[in-house]
Amino acid sequence: MLFGVQWYYWVILLVAIIIAIFAWAKALKAGKARRERLKNEEENLMDKLIEKTVELALEKGLIEAGHEVFIVTGQKGILKSYREGNVLRMPGLELKKLYGYTLSTPFDFAIKSELEKLNLDIIHVQQEFTVGMFGRLMARTLRVPMVYTYHTMYEDYTHYINKFELESVEKVSKMAVYQMSKYLCNSVSGIIAPSSKTKEKLESYGVVRPIYIIPTGLELDRFKKENIEEKKLDEIRNKYQLDPNKKLITYLGRVANEKSIDMIIDAIAHVKNENCH
């Protein structure tokens, strides 16, 4: 007996405490994972909204210029492809652990058959993989010019594969990015770069094809003061208990190193003009 209680009672109590600790730790881990998942889902939704807005602006601009536009994209269903008006959707698989992005198949006979009937004049590729690979294949098959928009500065993403920040891995990763970018750009008729910085970087890789600087299009009319609903702004400020007299700067997108959010925060310290927006 120990303190008037049989020893096995203490053993049972100790086991119960250990089980409780493990259950608590598991619950904490599950809660953390859930918060992380929700955060990623919110960030991914913002990225998709931005991406969709840009796509719609591009489509609208081309149509207003008198062109007929067809969009080939992916979907979350892996069983079949289908067409909705001028949008053709290839089979795909949602990558839940990668911000919910969709990995489409790089080829589809049904979509290929549809595109062969459209008598296309030009193919515009917006990404490097899956649908982008299919676009390159179709440009060669149909013997039409291909334009490629270089959206992503991949050399800013090497930290995803260099978790231990090894200099040798960083060097090899960046070299692979240079060679991949050079090949992708020099195999098309022309490249669209969103900024002069991107154009200069591509030229430093050895890209010799024509590069045209066209900033990412946005519908600026939506941001004019007369088109903003003051009531909705007040609702947002009230919801988050924000001072109505203070200016707010909103960032939409993933919280990741390559987004350089710290640069935005540092720049705020240099904003002196009270009329700055």
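A. Quick peek at the overall build of the chain. Helix and strand content of the chain: seven helices and nine strands. Counting every position in the chain, which comprises 277 residues, the buried fraction comes to 23%. Intrachain contacts of the chain at a sequence separation of at least 6 include 45% that bridge at least 24 residues. Accessible area for the chain stands at about 20600 Å²; split by element, carbon and sulfur atoms hold 60% of it.

B. Summary view of the packing of aromatic side chains. For the structure shown, the criterion picks out seven aromatic pairs. When the centroid spacing of 6.1 Å and the interplanar angle of 80° are considered together, the rings of Tyr 148 and Tyr 150 count as edge-to-face. The two residues Tyr 148 and Tyr 150 agree in class, both being buried. Each member of the aromatic cluster is reached from another via a ring pair, and the members are Phe 129, Tyr 154, Tyr 157 and Tyr 160.

C. The sheet that holds strand β9 (residues 211–213), seen in detail. The strand order across the open sheet built from four strands is β6-β7-β8-β9, with neighbouring strands paired in parallel fashion. The strands lining the two open edges of the sheet, one partner per strand, are β6 (123–125) and β9. When the angles between neighbouring strand axes are averaged without regard to direction, this sheet yields 25°. Examined bridge by bridge, β6 and strand β7 (residues 146–149) share three bridges and lie parallel to one another.

D. Structural view of unusual backbone geometry. The backbone phi angle of Arg 143 is positive, close to 55°, even though this residue is not glycine. Its location among the elements puts Arg 143 in the loop between α3 (131–142) and β7. A relative accessible area of 77% means that Arg 143 is categorised as exposed. The phi dihedral of Gln 241 is positive, around 55°, even though this residue is not glycine. Mapped onto the elements, Gln 241 comes out in the loop between α6 (230–239) and α7 (261–268). We classify Gln 241 as exposed; its relative accessible area is 74%.

E. Helix α2 (residues 109–117), seen in detail. If you check the start of α2, you find a side-chain oxygen 3.2 Å away from the backbone N of Ala 110, and it comes from Asp 108. With its phi angle positive at about 55°, Asn 119 sits one or two positions after the end of α2.

F. Region of the structure containing the environment of Ala 139. Take Ala 139: it is sitting in helix α3. Under the relative-accessibility criterion, Ala 139 is labelled buried at 6%. In this structure Ala 139 touches Ile 123, Val 144 and Met 146, once residues within four positions along its chain are discounted.

G. Focus on the environment of Lys 60. Note on placement: Lys 60 falls in helix α1 (residues 7–64). Residue Lys 60 is classed as partly exposed on the basis of its relative accessible area of 40%. As a C-alpha pair, Lys 60 and Glu 219 span 159 residues in sequence and 9.8 Å in three-dimensional space.

H. Fine view of a negative patch on the surface. Taken together, Glu 229, Glu 230, Asp 234 and Glu 235 make up a surface patch of like negative charges. Here Glu 230 shows up in helix α6. Relative accessible area serves as the criterion here: at 44%, Glu 230 is assigned to the partly exposed category.

I. Highlighting the environment of Leu 58. Secondary-structure assignment places Leu 58 in helix α1. When its relative accessible area of 35% is taken as the criterion, Leu 58 is described as partly exposed. Separated by eleven residues in the primary sequence, Leu 58 and Val 69 have C-alpha atoms spaced 9.7 Å apart. Leave out the neighbours within four places in its chain, and Leu 58 touches His 124 and Gln 126.

J. Summary view of the side chain of Arg 89. Tracing the chain through its elements places Arg 89 in strand β3 (residues 87–90). One polar contact links Arg 89 to Glu 84, side chain to side chain, over a distance of 3.3 Å. Apart from the residues lying within four places of it in its own chain, the contact partners of Arg 89 are Thr 73, Gly 74, Gln 75, Ser 81, Tyr 82, Glu 84 and Ile 111.

How each quantity is defined
- Residues numbered from 1 in each chain as written.
- Predicted model: local features only at pLDDT ≥ 70, side-chain atom pairs only at ≥ 80, totals over all residues.
- Heavy atoms only, no water.
- Helix = DSSP H or I, 4+ residues; strand = E, 2+ residues; numbered from the N terminus.
- Buried < 20%, exposed > 50% of the residue type's maximum accessible area, 1.4 Å probe, protein only.
- Contact = heavy atoms within 4.5 Å.
- Areas by Shrake-Rupley, 256 points an atom, 1.4 Å probe, with all protein chains shown as cover.
- Phe/Tyr/Trp six-rings, centres within 6.5 Å; stacked < 30°, edge-to-face > 60°.
- Pairing = 2+ DSSP bridges.
- Axes fitted to C-alpha atoms, helices over the stretch in contact; angles between N-to-C directions.
- Polar contact = N/O pair within 3.5 Å; in protein donor to acceptor, adjacent residues only side chain to side chain.
- Patch = residues over 30% accessible without salt bridge, like charges linked within 9 Å, V, L, I, M, F, W, Y side chains within 5 Å.
- Salt bridge = Lys/Arg side-chain N within 4 Å of Asp/Glu carboxyl O.
- Lys, Arg positive; Asp, Glu negative; His and termini not counted.
- Charge placed at Lys NZ, Arg CZ, Asp CG, Glu CD.

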